[in-house]
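# Fold and contact review
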Amino acid sequence: MARSNYPGWMSWIADWYVPQDVPGFVIFFGQSILFGLSIWALALWLVKRHEKNLAEREAKYRHIHLTHMAPPLEAASAHLMLASVVLSHSLSRTFLANLKKLFGGRIKIYEDTINRGRREVMMRLAEEAHQKGIDAVYNIRFLTTGMRFGQRGGLSFEMLAYGTAVRLPARTGFSDENAVTTSAYGETIEPTRA
Amino acid sequence: MILTNTETVPGYTIETSLGLVQGTTVRAKHVGRDITAALKNIIGGELGSYTSLMSEARAEAIERLKSEARMLGADGVVNIRLGTAAISSGAAEILAYGTAVKLSPVTKS
(Lines give C-alpha, C1' and ligand atoms only; values in the text may rest on other atoms or scores of the structure.)
Protein backbone atom coordinates (compact mmCIF):
# COMPACT_ATOMS: atom_id res chain seq x y z
CA MET A 1 0.00 0.00 0.00
CA ALA A 2 1.24 3.48 -0.89
CA ARG A 3 -0.58 4.97 2.10
CA SER A 4 1.00 2.93 4.88
CA ASN A 5 3.26 5.62 6.35
CA TYR A 6 0.57 7.50 8.33
CA PRO A 7 -2.04 6.51 10.94
CA GLY A 8 -4.75 4.08 9.82
CA TRP A 9 -7.72 6.24 10.77
CA MET A 10 -6.46 8.96 8.45
CA SER A 11 -6.59 6.64 5.45
CA TRP A 12 -10.08 5.48 6.39
CA ILE A 13 -11.26 9.08 6.27
CA ALA A 14 -9.17 9.90 3.19
CA ASP A 15 -10.58 6.96 1.23
CA TRP A 16 -13.96 8.74 1.22
CA TYR A 17 -12.85 11.80 -0.71
CA VAL A 18 -9.16 11.68 -1.81
CA PRO A 19 -8.08 9.94 -5.04
CA GLN A 20 -5.77 6.93 -4.70
CA ASP A 21 -2.79 8.55 -6.50
CA VAL A 22 -2.37 11.38 -3.92
CA PRO A 23 0.84 10.75 -1.91
CA GLY A 24 0.62 9.79 1.76
CA PHE A 25 2.41 12.81 3.22
CA VAL A 26 -0.03 15.20 1.53
CA ILE A 27 -2.93 13.40 3.19
CA PHE A 28 -1.09 13.30 6.52
CA PHE A 29 -0.33 17.04 6.64
CA GLY A 30 -3.58 18.08 4.98
CA GLN A 31 -5.74 16.13 7.39
CA SER A 32 -3.67 17.20 10.40
CA ILE A 33 -4.28 20.84 9.50
CA LEU A 34 -8.00 20.20 8.89
CA PHE A 35 -8.26 18.41 12.24
CA GLY A 36 -6.46 21.27 14.02
CA LEU A 37 -8.61 23.92 12.35
CA SER A 38 -11.86 22.15 13.24
CA ILE A 39 -10.82 21.84 16.89
CA TRP A 40 -9.80 25.52 16.87
CA ALA A 41 -13.19 26.53 15.44
CA LEU A 42 -15.11 24.34 17.90
CA ALA A 43 -13.11 25.64 20.87
CA LEU A 44 -13.61 29.24 19.76
CA TRP A 45 -17.35 28.67 19.48
CA LEU A 46 -17.47 27.16 22.97
CA VAL A 47 -15.53 30.11 24.42
CA LYS A 48 -17.87 32.62 22.73
CA ARG A 49 -20.91 30.71 24.00
CA HIS A 50 -19.52 30.74 27.55
CA GLU A 51 -18.85 34.50 27.36
CA LYS A 52 -22.39 35.14 26.13
CA ASN A 53 -23.78 32.99 28.94
CA LEU A 54 -21.66 34.90 31.50
CA ALA A 55 -22.90 38.26 30.24
CA GLU A 56 -26.51 37.08 30.62
CA ARG A 57 -25.92 35.87 34.17
CA GLU A 58 -24.07 39.05 35.12
CA ALA A 59 -27.12 41.03 34.07
CA LYS A 60 -29.48 38.65 35.92
CA TYR A 61 -27.62 38.68 39.28
CA ARG A 62 -26.83 42.38 39.31
CA HIS A 63 -28.81 42.83 42.54
CA ILE A 64 -26.41 40.63 44.59
CA HIS A 65 -23.77 42.87 46.12
CA LEU A 66 -20.35 41.27 45.55
CA THR A 67 -17.51 43.20 47.10
CA HIS A 68 -13.99 43.04 48.37
CA MET A 69 -14.70 45.13 51.47
CA ALA A 70 -15.45 44.13 55.06
CA PRO A 71 -19.13 43.46 55.95
CA PRO A 72 -21.29 45.99 57.83
CA LEU A 73 -21.45 45.50 61.61
CA GLU A 74 -25.25 45.38 61.65
CA ALA A 75 -25.50 42.28 59.42
CA ALA A 76 -27.92 39.61 60.62
CA SER A 77 -25.86 36.52 59.75
CA ALA A 78 -22.53 35.69 58.22
CA HIS A 79 -20.94 32.53 56.88
CA LEU A 80 -18.14 31.43 54.57
CA MET A 81 -19.08 30.77 50.93
CA LEU A 82 -16.91 29.16 48.26
CA ALA A 83 -17.15 28.73 44.51
CA SER A 84 -14.63 27.17 42.15
CA VAL A 85 -14.22 26.07 38.55
CA VAL A 86 -11.59 24.04 36.67
CA LEU A 87 -11.10 25.21 33.08
CA SER A 88 -8.97 23.45 30.48
CA HIS A 89 -7.70 24.58 27.09
CA SER A 90 -8.32 22.93 23.75
CA LEU A 91 -5.44 21.14 22.00
CA SER A 92 -5.14 23.99 19.48
CA ARG A 93 -4.97 26.66 22.20
CA THR A 94 -2.44 24.62 24.21
CA PHE A 95 -0.31 24.37 21.07
CA LEU A 96 -0.52 28.12 20.41
CA ALA A 97 0.25 28.97 24.04
CA ASN A 98 3.30 26.67 24.02
CA LEU A 99 4.44 28.33 20.82
CA LYS A 100 4.12 31.75 22.47
CA LYS A 101 6.12 30.53 25.48
CA LEU A 102 9.16 30.12 23.24
CA PHE A 103 9.19 33.88 22.60
CA GLY A 104 7.98 34.95 26.02
CA GLY A 105 5.78 37.95 26.70
CA ARG A 106 2.05 38.14 27.17
CA ILE A 107 0.18 34.86 26.75
CA LYS A 108 -3.30 36.06 25.90
CA ILE A 109 -4.81 32.54 25.78
CA TYR A 110 -4.05 31.96 29.46
CA GLU A 111 -5.19 35.46 30.41
CA ASP A 112 -8.53 34.92 28.68
CA THR A 113 -9.12 31.57 30.38
CA ILE A 114 -8.26 32.96 33.81
CA ASN A 115 -10.50 36.01 33.36
CA ARG A 116 -13.36 33.85 32.12
CA GLY A 117 -12.94 31.50 35.08
CA ARG A 118 -12.92 34.42 37.50
CA ARG A 119 -16.16 35.79 36.07
CA GLU A 120 -17.63 32.27 36.26
CA VAL A 121 -16.81 31.84 39.97
CA MET A 122 -18.21 35.29 40.75
CA MET A 123 -21.45 34.24 39.06
CA ARG A 124 -21.48 30.95 41.00
CA LEU A 125 -21.20 32.91 44.23
CA ALA A 126 -24.05 35.16 43.08
CA GLU A 127 -26.22 32.16 42.08
CA GLU A 128 -25.73 30.42 45.41
CA ALA A 129 -26.43 33.67 47.24
CA HIS A 130 -29.60 34.20 45.18
CA GLN A 131 -30.85 30.66 45.97
CA LYS A 132 -30.19 31.02 49.70
CA GLY A 133 -31.71 34.47 49.93
CA ILE A 134 -28.43 36.20 50.75
CA ASP A 135 -28.06 39.89 50.02
CA ALA A 136 -24.34 40.35 49.70
CA VAL A 137 -20.99 38.59 49.73
CA TYR A 138 -18.21 40.58 51.37
CA ASN A 139 -14.44 40.24 51.61
CA ILE A 140 -14.12 38.21 48.41
CA ARG A 141 -10.67 36.72 47.80
CA PHE A 142 -9.45 35.02 44.62
CA LEU A 143 -7.04 32.15 44.14
CA THR A 144 -5.74 30.64 40.90
CA THR A 145 -3.85 27.37 40.59
CA GLY A 146 -2.43 25.82 37.44
CA MET A 147 -2.46 22.03 37.30
CA ARG A 148 -1.88 19.27 34.83
CA PHE A 149 -4.15 16.22 34.82
CA GLY A 150 -2.44 13.22 33.27
CA GLN A 151 0.93 13.01 31.58
CA ARG A 152 -0.15 14.51 28.24
CA GLY A 153 -2.89 16.81 29.44
CA GLY A 154 -2.61 20.53 28.82
CA LEU A 155 -2.39 23.08 31.58
CA SER A 156 -5.73 23.53 33.36
CA PHE A 157 -6.54 26.36 35.72
CA GLU A 158 -8.57 26.19 38.88
CA MET A 159 -10.13 29.47 39.90
CA LEU A 160 -11.53 29.87 43.42
CA ALA A 161 -13.44 32.73 44.99
CA TYR A 162 -14.41 32.81 48.64
CA GLY A 163 -16.07 35.37 50.81
CA THR A 164 -18.39 35.99 53.71
CA ALA A 165 -22.06 35.75 52.75
CA VAL A 166 -24.18 38.17 54.69
CA ARG A 167 -27.90 38.71 55.27
CA LEU A 168 -28.65 42.33 55.92
CA PRO A 169 -31.24 43.19 58.61
CA ALA A 170 -33.45 45.10 56.22
CA ARG A 171 -33.58 43.30 52.90
CA THR A 172 -34.47 46.57 51.25
CA GLY A 173 -31.24 48.14 52.51
CA PHE A 174 -29.58 48.36 49.15
CA SER A 175 -32.62 49.52 47.26
CA ASP A 176 -33.38 52.29 49.77
CA GLU A 177 -31.86 55.52 48.52
CA ASN A 178 -31.15 56.82 52.03
CA ALA A 179 -29.69 53.60 53.47
CA VAL A 180 -26.03 53.94 54.37
CA THR A 181 -24.27 51.10 56.17
CA THR A 182 -21.01 51.11 58.07
CA SER A 183 -18.29 48.54 57.49
CA ALA A 184 -16.21 46.87 60.22
CA TYR A 185 -13.43 49.36 59.55
CA GLY A 186 -15.70 52.33 60.06
CA GLU A 187 -16.08 53.62 56.51
CA THR A 188 -19.54 54.17 55.14
CA ILE A 189 -20.89 52.10 52.26
CA GLU A 190 -23.21 54.05 50.03
CA PRO A 191 -25.84 52.03 48.19
CA THR A 192 -24.51 51.60 44.69
CA ARG A 193 -27.40 49.84 43.00
CA ALA A 194 -30.97 50.94 42.59
CA MET B 1 -19.80 27.05 64.47
CA ILE B 2 -19.48 30.33 62.56
CA LEU B 3 -16.90 30.45 59.79
CA THR B 4 -15.95 33.74 58.15
CA ASN B 5 -13.02 35.08 56.20
CA THR B 6 -13.37 38.50 57.81
CA GLU B 7 -11.60 39.68 60.95
CA THR B 8 -14.85 40.24 62.81
CA VAL B 9 -18.20 38.45 62.94
CA PRO B 10 -21.21 40.74 62.48
CA GLY B 11 -23.45 40.63 65.53
CA TYR B 12 -20.77 39.12 67.79
CA THR B 13 -17.73 40.32 69.68
CA ILE B 14 -14.60 38.22 69.94
CA GLU B 15 -13.95 37.32 73.59
CA THR B 16 -10.76 35.31 73.30
CA SER B 17 -8.56 34.09 70.49
CA LEU B 18 -7.68 30.41 70.81
CA GLY B 19 -4.94 30.40 68.19
CA LEU B 20 -4.38 29.12 64.69
CA VAL B 21 -6.30 26.09 63.43
CA GLN B 22 -5.84 24.38 60.09
CA GLY B 23 -7.19 21.60 57.92
CA THR B 24 -5.46 20.05 54.94
CA THR B 25 -6.04 17.27 52.41
CA VAL B 26 -4.35 15.88 49.29
CA ARG B 27 -6.55 14.51 46.52
CA ALA B 28 -5.93 12.89 43.16
CA LYS B 29 -8.01 11.39 40.37
CA HIS B 30 -6.92 9.13 37.58
CA VAL B 31 -7.42 11.00 34.31
CA GLY B 32 -7.84 7.86 32.18
CA ARG B 33 -10.92 6.84 34.13
CA ASP B 34 -12.90 9.85 33.07
CA ILE B 35 -13.83 9.89 29.40
CA THR B 36 -15.58 13.25 29.46
CA ALA B 37 -12.54 14.88 31.06
CA ALA B 38 -10.31 13.39 28.36
CA LEU B 39 -12.62 14.77 25.66
CA LYS B 40 -12.71 18.15 27.36
CA ASN B 41 -8.92 18.17 27.23
CA ILE B 42 -9.23 18.13 23.42
CA ILE B 43 -11.85 20.83 22.90
CA GLY B 44 -11.33 22.74 26.14
CA GLY B 45 -13.90 23.95 28.64
CA GLU B 46 -14.88 23.16 32.19
CA LEU B 47 -13.67 19.86 33.65
CA GLY B 48 -16.78 19.21 35.74
CA SER B 49 -15.46 16.12 37.50
CA TYR B 50 -12.38 18.03 38.65
CA THR B 51 -14.46 20.98 39.81
CA SER B 52 -16.47 18.64 42.02
CA LEU B 53 -13.30 16.84 43.15
CA MET B 54 -11.77 20.14 44.26
CA SER B 55 -14.90 21.31 46.05
CA GLU B 56 -15.22 17.96 47.88
CA ALA B 57 -11.59 18.21 48.93
CA ARG B 58 -12.10 21.79 50.08
CA ALA B 59 -15.18 20.77 52.08
CA GLU B 60 -13.08 18.09 53.77
CA ALA B 61 -10.25 20.52 54.59
CA ILE B 62 -12.80 22.90 56.13
CA GLU B 63 -14.35 20.00 58.07
CA ARG B 64 -10.92 19.20 59.53
CA LEU B 65 -10.42 22.86 60.40
CA LYS B 66 -13.78 22.83 62.19
CA SER B 67 -12.99 19.67 64.15
CA GLU B 68 -9.68 21.16 65.27
CA ALA B 69 -11.50 24.30 66.38
CA ARG B 70 -14.13 22.21 68.17
CA MET B 71 -11.39 20.46 70.16
CA LEU B 72 -10.22 23.87 71.40
CA GLY B 73 -13.78 24.69 72.43
CA ALA B 74 -14.22 27.49 69.88
CA ASP B 75 -17.50 29.03 68.74
CA GLY B 76 -16.16 30.16 65.41
CA VAL B 77 -13.19 30.51 63.12
CA VAL B 78 -12.40 33.96 61.72
CA ASN B 79 -10.08 35.22 58.99
CA ILE B 80 -10.05 31.91 57.12
CA ARG B 81 -7.60 31.71 54.23
CA LEU B 82 -7.50 28.98 51.61
CA GLY B 83 -4.54 27.73 49.61
CA THR B 84 -4.10 25.24 46.78
CA ALA B 85 -0.91 23.72 45.45
CA ALA B 86 -0.55 21.27 42.57
CA ILE B 87 2.02 18.99 44.14
CA SER B 88 2.26 16.56 41.22
CA SER B 89 0.45 15.76 37.99
CA GLY B 90 -3.20 15.29 38.90
CA ALA B 91 -2.80 15.68 42.66
CA ALA B 92 -3.54 18.83 44.62
CA GLU B 93 -3.00 19.84 48.21
CA ILE B 94 -5.74 21.93 49.74
CA LEU B 95 -5.17 23.97 52.88
CA ALA B 96 -7.58 25.97 55.02
CA TYR B 97 -6.41 27.94 58.02
CA GLY B 98 -7.87 30.49 60.35
CA THR B 99 -8.04 31.75 63.92
CA ALA B 100 -10.31 29.93 66.36
CA VAL B 101 -12.22 32.33 68.59
CA LYS B 102 -14.75 32.40 71.39
CA LEU B 103 -17.67 34.65 70.52
CA SER B 104 -20.35 36.42 72.53
CA PRO B 105 -23.43 37.93 70.91
CA VAL B 106 -23.87 41.68 70.97
CA THR B 107 -26.93 42.59 73.01
CA LYS B 108 -29.00 45.24 71.34
CA SER B 109 -29.64 48.26 73.54
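What counts, and where the lines are drawn
Residues numbered from 1 in each chain as written. Chains lettered and ligands numbered in written order. Predicted model: local features only at pLDDT ≥ 70, side-chain atom pairs only at ≥ 80, totals over all residues. Helix = DSSP H or I, 4+ residues; strand = E, 2+ residues; numbered from the N terminus. Rg over C-alpha atoms; globule rule 2.2 N^0.38 Å. Buried ≥ 20, exposed ≤ 12 C-beta atoms within 10 Å, placed from the backbone. Contact = placed C-beta atoms within 7 Å. Core = buried A, V, L, I, M, F, W, Y, C linked by C-beta atoms within 7 Å. Axes fitted to C-alpha atoms, helices over the stretch in contact; angles between N-to-C directions. Left-handed = near helix turned anticlockwise from the far one by under 90°. Expected span 1.5 Å × (residues − 1). pLDDT = per-residue confidence, 0-100. Pairing = 2+ DSSP bridges.

Looking now at the overall build of chain B. Counting its regular elements, chain B contains two helices and five strands. When the helices and strands of chain B are read in sequence order from the N terminus, they spell out β-β-α-β-α-β-β. Relative to the compact-globule value of 13 Å for 109 residues, chain B shows a C-alpha radius of gyration of 18 Å, a clear excess of over 25%. Based on the C-alpha atoms only, the size of chain B along its principal axes is roughly 60 × 25 × 15 Å. Across the 109 residues in chain B, those meeting the buried criterion constitute 35%. Counting only contacts in chain B whose residues sit at least 6 apart along the sequence, the fraction spanning at least 24 positions is 76%.

Moving on: the nonpolar core. Grouped together as the largest cluster of nonpolar side chains are 51 residues, with contacts concentrated most on A:V121, A:L125, A:V166 and B:V77. Only β2 (77-90), α4 (108-132), β3 (136-148) and β4 (155-167) of chain A together with α2 (48-71), β4 (76-88) and β5 (91-105) of chain B provide two or more residues apiece to this core. In terms of residue count, β2(A) provides more of this core than any other element does, eight residues in total. With residues near it in sequence (within four places) discarded, A:V166 still touches A:P71, A:A75, A:A78, A:I134, A:D135, A:A136, A:Y138 and B:P10.

Once that is clear, we can look at the packing of helix α2 (residues 24-60) of chain A against α4(A). Residue and element names in this part refer to chain A. Across the interface, α2 lies against α4 with an axial gap of 10 Å and an inter-helix angle of 35°. When you trace α2 past α4, the crossing you get is left-handed. Facing α2, whose interface residues are H50, E51, L54, R57 and E58, α4 presents R116, R119, E120 and M123.

Residue A:N139 is not a glycine yet carries a positive backbone phi of 55°. For A:N139, the position within the fold is in strand β3. On the basis of neighbour counts, which here come to 22 C-beta atoms within 10 Å, the residue A:N139 falls in the buried class. The phi torsion at B:N79 lies on the positive side, around 55°, for a residue other than glycine. Examined against the element boundaries, B:N79 turns out to sit in strand β4. We classify B:N79 as partly exposed; it has 15 C-beta atoms within 10 Å.

Relative to the 18 Å expected for 13 residues at 1.5 Å per residue, helix α3 (residues 91-103) of chain A spans 19 Å between its end C-alpha atoms, a close match to the ideal helical length. Every buried residue of α3(A) is accounted for by A:S92, A:R93 and A:T94. Those residues of α3(A) hidden inside the fold are in contact with α2, β2 and α4 of chain A together with β3 (44-46) of chain B.

Predicted confidence across chain A gives a mean pLDDT of 81, with 80% of residues reaching 70 or more. Note that residues 171-180 of chain A has pLDDT below 50 and, in this model, 16 contacts with residues that lie over four places away or in other chains.

Another point: the sheet that holds β3(B). One open sheet accounts for five strands, arranged β1(A)-β3(A)-β4(A)-β2(A)-β3(B); its pairing is mixed. Each edge of the sheet is formed by a strand with only one pairing partner; in this case those strands are β1 (65-66) of chain A together with β3 of chain B. Strand direction decides the pairing type here: β1(A) and β3(A), joined by two bridges, are parallel. Pairing of A:L66 across the sheet is with A:V137, part of β3(A). Across the sheet, α4(A) lies against β1, β2, β3 and β4 of chain A, angled at about 145° from β2(A), the strand it touches most.

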